[in-house]
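Geometric and topological summary
Okay, here's what each chain looks like letter by letter:
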Amino acid sequence: MRIRSALTSVVLTATLGLVAAPAAHPATGPVGAAATTCDSGGSITMGKYWLNNNLWGAGTGSGTQCVSDSYQSGTTIGWSTNWNWTGQQNSVKSYVSSVLGWHWGWKTSGTGLPVQLSANRNVNTGWTFQPNASGTYNVAYDLWLHTIPNPDWSNNPTDEVMIWLYRAGGAGPLGNKVATVSLAGATWDLYQGNIGWEVYSFVRTSNTTSANFNIRDFLNHLRSSRGLSSSKYLTSVQAGTEVFTGGGRLDTASYYTNVG
């Protein structure tokens, strides 16, 4: 539904061969029969989350992408996605993700969202994943904010906040770099742009495949330094991979987001 990323260096042309087997799930995660969807817009519900096979930019190229669940234990889940995309090298083809809360409507209950920023609630999250891919892509959180607590399918967000943990092949965010900040035990370059709503992207200066932090810290930084209004509501927390071109796989071994 939106194009918000750009390439910052020469894009690698991907060749897809065999990909690694899914990462092992934690011993506490019971395994059932996996569900898989390769349909554009296909979904798999996992408790308070749902997996969204969001191929919103597929029209700028050609290819396929699928998503499968792996396990669920309490509020912790695992999943995998595999893809093969060609086409315009500076356009995102997909953002396949776990969704908590709003995505042009509401699908599950018990999410803890929305929360008003002024309430200063904890939004603790942890994510361990393993990419095995070639080409251009990132692994990132995508947060949505609204001025109202009950947006539906017709209400676009006012703000989008991305937290990039990993990037490859020259993938870069929308907008211009406005700061370098230290948050959650790491250093991030902060970018800001606009595509009809404000887009803030925290890009980790070094890649990681495991992170644990309080999303509130990133939102509070935007409140104090970029003028983000505390009256707005966090309506959605999504976690997934944006793919420009190439082929491969991303396995999430463990993921949770809990609103406290």
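Attention here is on the structure that accompanies the text. Each chain carries its own residue numbering, running from 1 in the written order of its sequence. For a predicted model such as this one, the threshold for reporting local features is a pLDDT of at least 70, and the threshold for listing and counting side-chain atom pairs is 80 or more; totals across whole chains, interfaces and linings nevertheless cover every residue. Side-chain figures throughout are based on the complete set of non-hydrogen atoms in the structure, without hydrogens or water.

**Some points on the overall build of the protein**
Helix and strand assignments come from DSSP, with helices taken as H or I runs of at least 4 residues and strands as E runs of at least 2, each series counted from the N terminus. Regarding its fold elements, the protein presents one helix and 16 strands. Note on classification: 1.4 Å probe, protein chains only; a residue is buried when its accessible area is under 20% of the maximum for its type, exposed when over 50%, partly exposed between these limits. When burial is assessed residue by residue, the protein has 54% of its 260 residues classed as buried. Two residues form a contact once any of their heavy atoms are found within 4.5 Å. Long-range contacts, defined as pairs at least 24 residues apart, comprise 76% of the intrachain contacts of the protein with a sequence gap of at least 6. Note that accessible areas follow from Shrake-Rupley with a 1.4 Å probe, and for residues the cover is restricted to the protein chains shown. Total accessible area on the protein stands at roughly 10000 Å², and carbon and sulfur atoms take up 48% of it.

**Overview of the pairing of strand S7 (residues 94–101)**
Taking burial as the measure, the eight residues of S7 include eight buried ones, the bulk of the element. Strand direction decides the pairing type here: strand S4 (residues 49–52) and S7, joined by three bridges, are antiparallel. Across the sheet, the residue bridging to Trp50 is Val99, located in S7. With eight bridges connecting them, S7 and strand S16 (residues 233–259) associate as antiparallel partners. Across the sheet, residue Ser94 finds its bridge partner in S16, namely Val243. Following DSSP output, two strands are said to pair if at least two bridges run between them.

**Some thoughts on the state of the cysteines**
Where two cysteines share a covalent bond between their sulfur atoms, that bond is called a disulfide. The disulfide definition used here is simple: a pair of cysteine sulfur atoms within 2.5 Å. Summed over all chains, the structure comprises one disulfide. Disulfide partner of Cys38: Cys66, at an S-S distance of 1.9 Å. For the disulfide bridge between Cys38 and Cys66, the dihedral angle about the S-S bond is near 105 degrees, and by the sign convention the bridge is right-handed. Note that Cys38 is positioned in the loop between strand S2 (36–37) and strand S3 (43–46) and Cys66 in strand S5 (residues 61–73), a separation of 28 residues in sequence. Since its relative accessible area comes to 43%, Cys38 is described here as partly exposed.

**What to know about the packing of aromatic side chains**
Each aromatic pair joins two rings of Phe, Tyr and Trp (for Trp, the six-membered one) with centres within 6.5 Å, and gets the label stacked for planes under 30 degrees apart, edge-to-face for over 60, and tilted for any other angle. Taken as a whole, this structure holds 18 aromatic pairs when the rule is applied. A centroid spacing of 4.7 Å and a plane angle of 35 degrees characterise the contact between Trp102 and Trp104, whose relative ring orientation is tilted. In terms of burial, Trp102 and Trp104 fall into one category: buried. Between the NZ or CZ atom of Lys107 and the centre of the ring of Trp50, over which it lies, the distance is 5.4 Å. A ring has a charge above it when a Lys NZ or an Arg CZ is no more than 6 Å from the ring centre and no more than 35 degrees off the ring normal.

**Describing helix H1 (residues 215–225)**
When H1 is considered as a whole, its buried residues turn out to be Ile215, Phe218, Leu219, His221 and Leu222. All buried residues of H1 fall inside an arc of 150 degrees around its axis, so they share one side. As used here, the arc is the angular range of directions from the helix axis to the C-beta atoms.

**Thoughts on the pattern of salt bridges**
The term salt bridge refers to a pairing of a side-chain nitrogen on Lys or Arg with a carboxyl oxygen on Asp or Glu at a separation within 4 Å. By the definition in use, this model includes three salt bridges. Between Lys232 and Asp159 there is a salt bridge; the shortest N-O distance is 2.6 Å. With Lys232 in the loop between H1 and S16 and Asp159 in strand S10 (residues 159–168), this pair connects stretches of sequence that are 73 residues apart. For Lys232, a relative accessible area of 15% translates into the label buried. Overall, Asp159 belongs to the buried group, its relative accessible area being 2%. Lys177 is the partner of Asp189 in a salt bridge, and the nearest nitrogen-oxygen pair spans 3.3 Å.

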